[in-house]
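Residue-level structural notes
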Amino acid sequence: MNFNEIAALDKADPLANKRDEFDLPADTIYLDGNSLGALPKTVKSRVAEVVSQQWGCHLIRSWNDHQWIDLPTRVGEKIAPLIGAAKGQVICCDSISVNLFKLLSSALSLNSQRNMVLSTEDNFPTDLYMVQGLSNLLGPELCQLTLVAEQDIEQSLNDKVAVLLLTQVNFRTGQLLDMQKLTKLAHEKGILVIWDLAHSAGAIDVELDKCHADFAVGCGYKYLNGGPGSPAFLYVAKRHQANVKQPLAGWMGHAKPFAFDATYQGADNINQFLSGTPSVIAMSALDAALDTWQDVDMAKVREKSIALADVFIKLLQAHPSLIDLRLCSTEDSSQRGSQLAFAHTDAFAICQALIERGVIADFRAPNILRFGFTPLYTSFEDVWNAVTILVDVVETQLYKESRFNLAGKVT
Ligand SMILES: *Cc1c(COP(=O)(O)O)cnc(C)c1O
């Protein structure tokens with residue numbers, strides 16, 4: 001591929017104008033939006049307004065006057081169409097970890113004659129930790145974690161399994177699991193499924209309702225661009241809502257929070273999954289960030305995401321000097337999320353050198369260099385420039401300099 005072909009791809013890109021809606025430093029190629037999304041311009045003005053006007057001037061009246069109280073529902077409803085969910089099933093609250101606790105408990109109680117939670121060995125650690133914590137709390141007779149390799153999920157579905165906990169897009173390799181097929185196979189065995197959409201929401205066209213999903217969680221600060229520590233979301237299919245009780249029964253999930261009743265009575269809808277007071281400033285930032293998605297067709301996002309990654313692979317493969325960077329993601333784009341992982345003994349140092357040269361990728365232990373593609377603000381020219389710099393970093397062996405081997409607290 002040559003640069004003219006790259007320029008032509010940008011010219012034909014239906015999402016190209018979306019980039020203007022983001023604040024991106026001019027000297028940076030940002031390929032880490034799968035870890036922390038970029039800053040939408042609307043977020044800056046919204047946060048300023050929430051702080052100085054809504055909080056500063058209207059004070060407590062803003063719970064009603066500026067609908068702070070409705071933020072979890074309103075934000076949930078904005079996320080719903082991005083993940084193929086009809087109304088009344090998605091709510092914004094807490095972190096993925098906390099939401100998993102609520103959903104794992106709910107799902108286990110719906111399937112109380114079984115005790116096994118089946119997940120994958122290389123699932124994101126917090127997902128597994130939450131099961132381990134719940135297992136310690138409830139005891140192994142009520143909750144027991146079993147881990148299998150991704151390729152063994154299907155053959156491990158049996159009538160001992162209560163809950164199948166899967167991350168749709170593997171955080172390291174980008175491997176995309178078949179939601180429709182696995183949900184169907186699980187249901188045939190009487191298993192409920194919890195999908196973690198951390199690397200799916202805003203990256204691929206998720207179809208929760210169409211796949212008859214039971215439960216899901218997802219992230220606000222990755223592809224949805226809600227900002228660092230942005231609240232997460234959860235999905236509970238309508239058909240389960242009347243039959244479940246989640247254990248973190250807080251006043252915001254009460255049927256009548258402001259009745260101040262001493263006895264908990266959960267709301268009979270998705271609101272029962274709320275626990276405490278929403279983080280208004282953070283949730284307002286996510287609310288504003290979601291406005292960038294309003295006119296976006298997820299099919300176009302998926303198409304561009306695949307094209308960006310395919311171009312990256314193609315450009316890389318044209319350079320024999322990069323032979324030691326081994327692609328760990330599948331080359332089959334239909335089975336991949338919106339990121340690429342490469343293994344290299346010096347992955348950490350290469351990543352640090354890239355960052356110094358303005359290409360922000362990330363490192364995942366033990367030896368993975370990860371590049372994320374965010375179709376709303378990544379251009380084909382970015383991909384071209386990133387590969388050019390990567391080639392230079394490797395060919396000049398820049399990464400071998402000692403300053404690139406110092407790890408910070410967050411990698
Ligand atoms: C990013 C991510 C999380 C983050 O969980 P929090 O509790 O919101 O910090 C969880 N699971 C997966 C798969 C992730 O990629």
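Because the structure is a prediction, the values reported are computed rather than measured.

What to know about the environment of Cys93
Turning to its location among the elements, Cys93 is positioned in the loop between β4 (90-92) and α5 (96-110). Along the primary structure Cys93 and Thr277 are separated by 184 residues, whereas in three dimensions their C-alpha atoms are 9.1 Å apart. Not counting chain neighbours up to four residues away, the residues in contact with Cys93 comprise Asn99, Lys102, Pro231, Ala232, Phe233, Leu234, Phe273, Leu274 and Met283.

Details of the sheet that holds strand β9 (residues 215-218)
Remark on secondary structure: sheet strands pair via backbone hydrogen bonds, oriented parallel or antiparallel. An order of β4-β10-β9-β8-β7-β5-β6 is seen for the seven strands of this open sheet, with the pairing classed as mixed. Sheet topology places β4 and β6 (144-148) at the edges, where each strand pairs with a single neighbour. Adjacent strand axes in the sheet meet at a mean angle of 20 degrees, parallel and antiparallel pairs treated alike. Relative to strand β10 (residues 233-236), β9 is paired through four bridges, and the arrangement is antiparallel.

As for the state of the cysteines
The full count for this structure, using the stated rule, is zero disulfides. Of all cysteine sulfurs, the one in Cys93 lies closest to Cys92, which takes part in no disulfide; the gap is 6.6 Å. Under the relative-accessibility criterion, Cys92 is labelled buried at 0%. Not part of a disulfide, Cys219 finds its nearest cysteine sulfur in Cys92, a span of 11 Å.

What to know about the sheet that holds strand β11 (residues 326-327)
Pairing is antiparallel in the open sheet, where four strands are placed in the order β11-β12-β15-β14. In the strand order of this sheet, the two ends are held by β11 and β14 (362-364), each with one partner. Together, β11, β12 (339-343) and β15 (368-372) form the strand contacts of helix α10 (residues 298-317), whose direction differs from that of β12 by roughly 30 degrees. Along the sheet face, helix α11 (residues 347-356) touches β14 and β15 and points at about 40 degrees away from the line of β15.

Some thoughts on the site of the ligand
Surrounding the ligand, one finds Ser95, Ile96, Ser97, Phe124, Thr126, Asp127, Thr167, Asp196, Ala198, His199, Tyr221 and Lys222. Asp127 is positioned with one of its side-chain polar atoms (N or O) 2.9 Å from a nitrogen atom of the ligand. With respect to the ligand, the side chain of Asp196 contributes an N or O atom lying 2.9 Å from a nitrogen atom. Every element with two or more residues in the shell around the ligand is listed here: α5 and α6 (125-138). Its residues assigned to classes, the shell around the ligand shows four nonpolar, five polar and three charged.

Examining the nonpolar core
By size, the foremost hydrophobic cluster in this structure holds 56 residues, and its most contacted members are Ile83, Leu164, Trp195, Leu197, Leu208, Leu224 and Trp293. When residues of this core are assigned to their parent elements, the largest contribution, four residues, is made by helix α9 (residues 280-291). When we break this core down by domain, the ones giving at least three residues each are domain 1 (3-30 + 297-405) and domain 2 (48-293). Residue contacts for Leu208: discarding those within four places in its chain leaves Ile83, Gly84, Met179, Leu197, Ala213, Ala216 and Tyr235.

Regarding the UniProt feature "binding site: pyridoxal 5'-phosphate" (unreviewed entry) in the chain
Taken from the UniProt record, the annotation "binding site: pyridoxal 5'-phosphate" (unreviewed entry) applies to Ile96, Ser97, Phe124, Pro125, Thr126, Asp127, Thr167, Asp196, His199, Tyr221, Trp251 and Thr277. For this annotated set, covering 182 residues, the C-alpha atoms extend up to 30.6 Å from each other, a dispersed arrangement in space. As for the largest cavity, its lining draws on Phe124 and Thr167 from among the annotated residues. Tracing the backbone through its elements, the reader meets Ile96 in helix α5. Discounting chain neighbours no more than four positions away, the residues touching Ile96 are Asp196, Ala198, Val217, Gly218, Cys219 and Ala232. Here Thr167 shows up in strand β7 (residues 161-167). A relative accessible area of 8% means that Thr167 is categorised as buried. Every residue in contact with Thr167, bar those within four places of it in the chain, is listed here: Asn123, Asp127, Leu177 and Asp196.

Thoughts on empty space enclosed by the protein
Counted according to the given criterion, the structure contains three cavities of 30 Å³ or more. The space that makes up the largest cavity amounts to roughly 50 Å³.

Examining the packing of helix α4 (residues 71-79) against α9
Orientation of α4 relative to α9, taken along the N-to-C sense of each, is 25 degrees, at an axis distance of 10 Å. The angle between α4 and α9 falls in the class roughly parallel. Viewed along their axes, α4 and α9 form a crossing whose handedness is left-handed. Contact residues: α4 offers Leu71, Pro72, Arg74, Val75, Lys78 and Ile79, while α9 offers Val280, Met283, Ser284, Leu286, Asp287, Leu290 and Asp291. In terms of residue class, the contact of α4 with α9 is built from eight nonpolar, one polar and four charged.

Thresholds, definitions, all that
- Residue positions are counted from 1 within each chain, in the order its sequence is given.
- Under the rules for a predicted model, residues below a pLDDT of 70 receive no local features and side-chain atom pairs below 80 are neither given nor counted, while totals for whole chains, interfaces and linings still include all residues.
- Calculated side-chain values reflect all of the structure's heavy atoms, with hydrogen atoms and water omitted.
- Counting from the N terminus, the helices are DSSP H or I runs at least four residues long and the strands are E runs at least two residues long.
- Only heavy atoms enter the contact rule, under which two residues are in contact if any of them lie within 4.5 Å.
- Strand pairing requires that DSSP identify at least two bridges connecting the strands.
- To get an axis, a line is fitted to the C-alpha atoms, and for a helix only the part in contact is used. The angle between two axes follows their N-to-C directions and goes from 0 to 180 degrees.
- Two cysteine sulfurs form a disulfide in these notes if their separation is within 2.5 Å.
- Burial classes: relative accessible area under 20% of the type maximum marks a residue as buried, over 50% as exposed, and values in between as partly exposed (1.4 Å probe, protein chains only).
- A molecule or strand has a residue near it when one of that residue's heavy atoms lies within 4 Å.
- We define a polar contact as two N or O atoms separated by no more than 3.5 Å, with the added condition that, inside protein, one atom must be a possible hydrogen donor and the other a possible acceptor, whereas residues neighbouring each other in sequence contribute only through side-chain atom pairs.
- Ten residue types, Ala, Val, Leu, Ile, Met, Phe, Trp, Tyr, Cys and Pro, are classed as nonpolar, four, Asp, Glu, Lys and Arg, as charged, and the remainder, Gly among them, as polar.
- We call a set of buried Ala, Val, Leu, Ile, Met, Phe, Trp, Tyr and Cys residues a nonpolar core when their side-chain atoms join them within 4.5 Å.
- Where each domain starts and ends follows an automatic or database-derived domain assignment.
- UniProt positions are given in the numbering used here, feature names are shortened, and annotations may be inferred rather than shown by experiment.
- In the cavity and pocket records, a cavity denotes points on a 1 Å grid over the protein atoms alone where a 1.4 Å probe fits but cannot get out, a pocket denotes an open set with protein on both sides within 12 Å along at least 5 of 7 lines, and lining residues are residues with an atom within 4 Å of a point.
- Grid points are joined across faces, edges and corners, and a volume is the space filled by probe spheres set on the points.
- Just so you know how the angles are binned, under 35 degrees is roughly parallel, over 145 roughly antiparallel, 65 to 115 roughly perpendicular, and the rest oblique.
- If you view the pair so one helix is near and one far, a crossing is left-handed when the near helix is turned anticlockwise from the far one by less than a right angle, and right-handed when it is turned clockwise.

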